[in-house]
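Report on the structure
Here's the letter readout for the chains.
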Amino acid sequence: LAQHFLSRIQGSDLNAFLHVDPALTLEQAAAADARIAAGTATALTGIPVAHKDIFVTRRLRSTAGSHMLENYVSPFDATVVEKLAQAGMVTLGKLNCDEFAMGSSNENSYFGAVKNPWDKTAVPGGSSGGSAAAIAARLAPAVTGTDTGGSIRQPASFCGVTGIKPTYGSVSRYGMIAFASSLDQGGPMAQTAQDCGLLLNAMVGFDAKDSTSLERQPEDFNRDLNQSLQGLRIGVPKEFFGDGLAKDVEQAVRAALDQYVKLGATLVEISLPKTELSIPVYYVIAPAEASSNLSRFDGVRYGHRAASYTDLNDMYRQSRTEGFGAEVKRRILVGAYVLSHGYYDAYYLQAQKIRRLIAQDFAAAFEKCDVIMGPVAPTVAWDLGAQSDDPVANYLADIFTLSTSLAGLPGMSIPCGFGQGDKNAKRPVGLQLIGNYFTEARLLNIAHQYQ
Ligand code: GLN
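The structure displayed is predicted, hence computed values, not measured ones.

Conventions used here
Residues numbered from 1 in each chain as written. Predicted model: local features only at pLDDT ≥ 70, side-chain atom pairs only at ≥ 80, totals over all residues. Near = placed C-beta within 6 Å. Nonpolar A, V, L, I, M, F, W, Y, C, P; charged D, E, K, R; others polar. UniProt positions renumbered as here; feature names shortened; annotations may be inferred. Helix = DSSP H or I, 4+ residues; strand = E, 2+ residues; numbered from the N terminus. Buried ≥ 20, exposed ≤ 12 C-beta atoms within 10 Å, placed from the backbone. Contact = placed C-beta atoms within 7 Å. Pairing = 2+ DSSP bridges. pLDDT = per-residue confidence, 0-100.

**Things to note about the site of the ligand**
The environment of the ligand is formed by 13 residues, the closest being A101, S104, T148, G149 and S151. When its residues are assigned to classes, the shell around the ligand shows four nonpolar, seven polar and two charged.

So this is what it looks like as structure tokens:
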């Protein structure tokens, strides 16, 4: 298996992988073989996995898609990497992503864009674009991603694969290079919900090294896969089907909802009135946290240091000027601004209050339904380069994924068809499933019944 995927990676021109070390992979594969022979294998032993380059690894570089960390090798493995290795998974390498996970198209990577395997002129989505492309192109059977405002769900949607962002706090953030700590959450992507469940089983768990890690009884996320959907109440938020939604995406999503009705579910119209506000709220809170988290990259302790400078301050300035890309700088500036004296109350505090209201809207909605469904993104994948100079266009396209993250709820994307017309005919559409806290097993069941 490891050899099969290594050779597929070698033959690929998608730019999905940033670092591959065949010797390391084959060494782990041999260890997995020995474990299988010894009878101590888990369901995942010997199965190859690749990690988003946001998770730090001891034996492969960890760049976060940034020039700042181009040659960085971590002294430890992220908890997620360690847990999957303990289950016996074999590491294929590290996957391209937007710089520090900031983006929706993977075009913010210092190492260049990733191509969408369905149509190489399209973006794969982001920020976990390399992860989604690797699954879609069969370069890996399982990958990790991270989702701060949609970065697992949206690339899964654009590349026609399955991904789940669990409830905030379920998966340890230790060794996940921080972007916005109150939102960042790791999760798996794979071909199917069942595969995602197997991966989630190994990824989830309390970690004393992450201060927001949740302490809960272990559970088998695949325990309910075969449950009937008879009587399931699906909440359909009217704000997710407004003017901005492309016709072809709406058609595919509505067809999936019809399929669920055939499986015994009923559709309930619900309202998530603050949906539009999730964009300004997220783009205040996430940059605020990012500006704080990224202050550690000072050219002293980690990563890139400028070759020439006049004094200490100039060294900080030059190293950060050279090390960070445009989008990262933009967010640091926005974040520093909204946290500054005189603006904190006007922006940051307001955003935090609306964040609470967004969570309350979900709580009210879940009194009327068991799961919420809608599109993941307003359109199918756009063309490479089409909006790489237009940050606001990218921010607006996050409208359906941000509120789930702000509320800390679990969310999933499953493939539900393709765009229409000559150009979009091969570009996948994702159906978004949003559940109440800790209903991952239910979400996987609902996805599995469709698949
Ligand atoms: N597209 C969003 C952003 O640019 C979300 C990214 C993410 O979830 N990491 O911030």
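**Some words on the UniProt feature "active site" (unreviewed entry) in the chain**
Mapped onto the present numbering, the UniProt feature "active site" (unreviewed entry) falls on K52, S127 and S151. Considering the C-alpha atoms alone, the annotated residues occupy 100 residues of sequence yet fold into one spot, their largest mutual distance being 11.0 Å. Here K52 lies in strand 2 (residues 48-52). Classification of K52 as buried rests on a count of 32 C-beta atoms within 10 Å. Leaving out residues up to four positions away in the same chain, K52 has contacts with L95, C97, S128, G130, S131, T144, G145 and T146. As for its placement among the helices and strands, S127 is situated in the loop between strand 3 (90-95) and helix 4 (129-136).

**A look at the pairing of strand 5 (residues 162-165)**
Burial along strand 5 is two-sided: the face carrying T162 and I164 and the face carrying G163 and K165 are both buried. As paired strands, strand 5 and strand 6 (residues 185-190) are joined by two bridges and run antiparallel to one another. Within strand 6, the residue paired with G163 across the bridge is M189. As paired elements, strand 5 and strand 10 (residues 411-418) share three bridges and run antiparallel to each other. Within the sheet, the bridge partner assigned to K165 lies in strand 10 and is G411.

**So, the confidence of the model for the chain**
Residues shown with low pLDDT carry predicted positions that ought not to be read at fine detail. In the predicted model, the chain carries a mean pLDDT of 97, and 100% of its residues have values of at least 70. Scoring the predicted complex yields pTM 0.98 and, for the interface, ipTM 0.98.

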